[in-house]
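What follows is each chain in one-letter form.
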Amino acid sequence: MSRRTLLGAAAGVAAGAGILAATGSAHAEPVTARPPDFARGRPVMFRNATVVTGDPRIGTVRDCDVFVSGQTIRAVGRNLSAPGNAAVIDGRGSILIPGMIDTHRHMWQTVIRGLGAEWTIANYFSWIYQQWANFWRPEDLYASNLLSMAEAINAGVTTSLDWSQDLKNYEFAEAAAQGLFDSGGRARLAYGYSFAPPHEWVTNGDVARLQRERFSSTNQLVTLQLAWDGTGLPEEPGFPERPAWEFAREHDLRVTLHSGVRNWKEDHQLRLLRDNGFLLPTNTYVHCGTMSEDSYRMIAESGGNVSIAAESELNAGQGYPPTGRIHGHDIPVSLSSDTQVWWSADMFAAMRATLNADRGIDHLRAHAEDKTVVNNNLRTEDVFRFATQGGADALGMGGQLGSITPGKLADLVLVRADTPSMVPLINPVHQLVFHAQRGEVDTVMVNGRVMKYGGRLLGDGFARARRLAEASANHLRERIGERQWTEAQNPGPFQVD
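As the structure is a prediction and not an experimental result, all values here were calculated from the model.

1. Overview of the overall build of the protein
1) Next: What the protein contains, in helices and strands, is 16 helices and 17 strands.
2) Next: Taking 2.2 N^0.38 as the reference for a compact globule, 497 residues should give roughly 23 Å; the C-alpha atoms of the protein span a radius of gyration of 22 Å, in line with that estimate.
3) Next: Overall size of the protein, expressed as C-alpha extent along the three principal axes, is 65 × 55 × 45 Å.
4) Next: Here the protein holds 497 residues, and the buried ones make up 58% of them.
5) Next: Contacts in the protein between residues far apart in sequence, at least 24 positions, make up 77% of those at least 6 positions apart.
6) Next: When the accessible surface of the protein is totalled, it reaches about 20200 Å², and 48% of it is carbon and sulfur.

Rendered as structure tokens:
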């Protein structure tokens, strides 16, 4: 049967299968924790799940099968046939979704997880940027990336963009890349160094060497792009970053930028990029909370996209999450978790924070005018799409990832819907956004390979990551010193400057 026939058959099934269909099986027995034989190359069949495909042609289908062979989703539909050697995963009482995608995470900071829970962005700049960044060794970047990827996979985040801003030289870059490769997950190394302007380090030979030696193929689990903190200052003449942008274009590397952060370049950056021909559709702008409507229009007209890190923006103060304003300009949106110094790699939390922030500001504005919001603007379906297809599109992989579509790569997540927080299963997308937790993530597949099953990560990768990360944390604590280590966890009383 051809791919088109498979897709058509699945779409036909979906057409008559509403999400409230009586055939739902939320009271079925939970997925067994005993893993089948997931030998490499063995096909896998997910049976009888509620499949939230994210593909508008197929929709959400109850009691649905998904067949995976090799790295690829081969078929979506009911009562699919499979070869006798296929490993079968029982999806009864579960929801199968596309792997979630995080488009902005400073993974190198994971080894000091939670240290900055009380921080603002001012605290972050003071401790990390001005004092501690030089304490990281290559082995600390490796350990942090390995742990961060294990956390992501455990949470159903199958692709993570490592916004790696402390790559002092090639040794550091290679260590960061190796941590991603060794994790077995899908990742994008966004090569960066936030402690010098991009034209000083992008063209010094290290990026070109890493691309040549480790990223010569774009058909691999870990891929490469560039990251830097905005571009240009109003008081600087000309466009000194031009060589970095030209390098990115010549080497076919996408760029992700911190943008629209309060008191940091804001609208000037967009005007400078526009005037110099680098307001590109391949650019990802992170945060964007303090931009004018003109800047949003420029991004929209250029075809660029925005990564929203709502937990970060609400807690740290880069600017209020601009999701509704961006959405109003039809700018593509993805979601991100920023850094584990504060938050976790939890896209369920990211979806909720994004929705809560946007709805909250709508109500606040309405109340200020003595009005009432009758119907919400941003919906659960929107943030679910941001966390899946939106992330794939932002990475330039929308044709390969982001939905459960025959022909796409098999990055899949099975979420239990038979837990006390998920039954009865009435509306899968609504409940995924507002009720699901990381603890409900039962099975995770990346590129056709099962990485987690029965609620447990497979293999010994996490044990090794934990051991290395704890050693790195001890090293950093020693370098930072007990006084600063303690003070940083509890900054002084509330203050506004």
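2. Overview of the sheet that holds strand β11 (residues 283–287)
1) Next: Read from one edge to the other, the open sheet built from 8 strands follows the order β6-β7-β8-β9-β10-β11-β12-β13, with strand pairing classed as parallel. The open sheet is flanked by β6 (100–105) and β13 (333–335), the only strands paired with a single partner. With direction set aside, neighbouring strand axes in the sheet form an average angle of 25°.
2) Next: When β11 meets strand β12 (residues 305–308), the two strands line up parallel, connected through 3 bridges. From the neighbouring strand, Thr284 faces β12, where its bridge partner is Asn305.

3. Structural notes on the packing of helix α3 (residues 138–154) against helix α4 (residues 170–183)
1) Next: With their axes 8 Å apart at the nearest point, α3 and α4 run at an angle of 25° to one another. By the angle class used here, α3 and α4 are roughly parallel. Remark: the crossing between α3 and α4 carries right-handed chirality. Note on element contacts: α4 touches α3 through Glu171, Phe172, Ala175, Ala176, Gln178, Gly179, Leu180, Asp182 and Ser183, opposite Pro138, Leu141, Tyr142, Asn145, Leu146, Met149 and Ile153.

4. Some remarks on the pattern of salt bridges
1) Next: One pass over the structure, following the stated rule, counts 22 salt bridges.
2) Next: Across the pair Glu139 and Arg137 runs a salt bridge, and its minimum N-O distance is 3.4 Å.
3) Next: The class of Glu139 is partly exposed, set by a relative accessible area of 43%.
4) Next: Ionic pairing is found between Arg438 and Asp346, a salt bridge with its closest N-O pair at 3.4 Å. Note that Arg438 is positioned in the loop between α14 (428–434) and β15 (441–446) and Asp346 in the loop between β13 and α12 (347–368), a separation of 92 residues in sequence.
5) Next: With relative accessibility at 7%, the residue Asp346 sits in the buried group.
6) Next: One network of salt bridges, in which partners are shared, links Arg113, Glu151, Asp346 and Arg438.

5. Thoughts on the pairing of strand β3 (residues 72–77)
1) Next: Burial analysis of β3 places 5 of its 6 residues in the buried class, which makes it a mostly covered element.
2) Next: Both strand β2 (residues 60–69) and β3 contribute to a ladder of 5 bridges, which runs antiparallel. Bridge pairing links Val66 to Val76 in β3.
3) Next: Between β2 and β3, which follow one another and run antiparallel, lie 2 residues, and Gly70 among them has a positive phi close to 65°.

6. Description of the nonpolar core
1) Next: Residues Trp132 and Leu226 are the most contacted members of the largest nonpolar core, which totals 108 residues.
2) Next: Sequence-distant contacts of Leu226, that is, excluding residues within four places in its chain, are made with Ala190, Tyr191, Trp201, Val202, Val207, Phe247, Ala248, Leu253, Arg254, Val255 and Thr256.
3) Next: Listed in part, the 22 residues of the second largest apolar core include Phe46, Val66, Ala87 and Tyr453.

7. Observations regarding the packing of aromatic side chains
Given two aromatic rings, their pairing is described by the distance between the two centres and the angle made by the two planes.
1) Next: Applying the stated criterion to the full structure yields 19 aromatic pairs.
2) Next: Pairing Trp119 with Trp132 gives two aromatic rings, centres 6.1 Å apart and planes at 50°, and the pair type is tilted. Of this pair, Trp119 sits in the loop between β6 and α2 (121–132) while Trp132 sits in helix α2, placing them 13 residues apart in sequence. Judged on exposure class, the residue Trp119 and its partner Trp132 are both buried.
3) Next: A connected cluster of aromatic rings, assembled from ring pairs, spans Trp119, Tyr124, Phe125, Trp127, Tyr129, Trp132, Tyr193, Phe195, Trp342 and Trp343.

8. Brief notes about the packing of α3 against helix α15 (residues 461–480)
Two packed helices can be described by the angle between their axes and the distance between those axes.
1) Next: Put simply, α3 and α15 touch, their axes get as near as 8 Å, and they point 135° apart. Relative to α15, the element α3 is oriented oblique. In the crossing of α3 with α15, the sense of the turn from one axis to the other is left-handed. Mapping the contact onto sequence places Glu139, Asp140, Tyr142, Ala143, Leu146, Leu147 and Ala150 in α3 and Phe462, Arg464, Ala465, Leu468, Ala469, Ser472 and His475 in α15.
2) Next: In terms of residue class, the contact of α3 with α15 is built from 9 nonpolar, 2 polar and 3 charged.

9. Some thoughts on the confidence of the model for the protein
Any segment with low pLDDT has predicted coordinates that should not be analysed in fine detail.
1) Next: With 92% of its residues at a pLDDT of 70 or more, the protein has an overall mean of 92.
2) Next: Low pLDDT, under 50, characterises residues 1–33; the predicted model gives this stretch 63 contacts beyond four residues in sequence or across chains.

10. Section: the side chain of Gln225
1) Next: With respect to the element layout, Gln225 can be found in strand β9 (residues 222–228).
2) Next: In this view, Gln225 contacts Leu161, Arg188, Leu189, Ala190, Tyr191, Leu253, Arg254, Val255, Thr256 and Leu395; residues no more than four positions away in its chain are not counted.

11. Describing the environment of Val433
1) Next: Here Val433 lies in helix α14.
2) Next: Relative accessible area serves as the criterion here: at 0%, Val433 is assigned to the buried category.
3) Next: Between the alpha carbons of Val433 and Ala350 there is a distance of 9.2 Å; along the sequence they are 83 residues apart.
4) Next: Setting aside its immediate chain neighbours within four residues, Val433 contacts Phe348, Met351, Arg352, Leu355, Thr380, Val383 and Phe384.

12. Looking at helix α9 (residues 293–302)
1) Next: Inspection of α9 places Ser295, Tyr296, Met298, Ile299 and Ser302 among the buried residues, and these make up the whole buried set. An end-on view of α9 places all buried positions within 155° of arc, on one side of the element.
2) Next: In the core, the buried residues of α9 are packed alongside α8 (266–275), β11, β12 and α11 (323–328).
3) Next: Once α9 ends, the next one or two residues include Gly303, with phi positive near 85°.

13. Brief notes about helix α16 (residues 482–489)
Note that an α-helix has 3.6 residues per turn; residues three or four places apart therefore point the same way.
1) Next: Listing the buried residues of α16 in full gives Gln484, Trp485 and Ala488. Along α16, the residues classed as buried sweep out an arc of 105° about the axis, all on the same side.

Definitions and limits used
Residues numbered from 1 in each chain as written. Predicted model: local features only at pLDDT ≥ 70, side-chain atom pairs only at ≥ 80, totals over all residues. Heavy atoms only, no water. Helix = DSSP H or I, 4+ residues; strand = E, 2+ residues; numbered from the N terminus. Rg over C-alpha atoms; globule rule 2.2 N^0.38 Å. Buried < 20%, exposed > 50% of the residue type's maximum accessible area, 1.4 Å probe, protein only. Contact = heavy atoms within 4.5 Å. Areas by Shrake-Rupley, 256 points an atom, 1.4 Å probe, with all protein chains shown as cover. Pairing = 2+ DSSP bridges. Axes fitted to C-alpha atoms, helices over the stretch in contact; angles between N-to-C directions. Parallel < 35°, antiparallel > 145°, perpendicular 65-115°, else oblique. Left-handed = near helix turned anticlockwise from the far one by under 90°. Salt bridge = Lys/Arg side-chain N within 4 Å of Asp/Glu carboxyl O. Core = buried A, V, L, I, M, F, W, Y, C linked by side-chain atoms within 4.5 Å. Phe/Tyr/Trp six-rings, centres within 6.5 Å; stacked < 30°, edge-to-face > 60°. Nonpolar A, V, L, I, M, F, W, Y, C, P; charged D, E, K, R; others polar. pLDDT = per-residue confidence, 0-100. Arc of directions from axis to C-beta.

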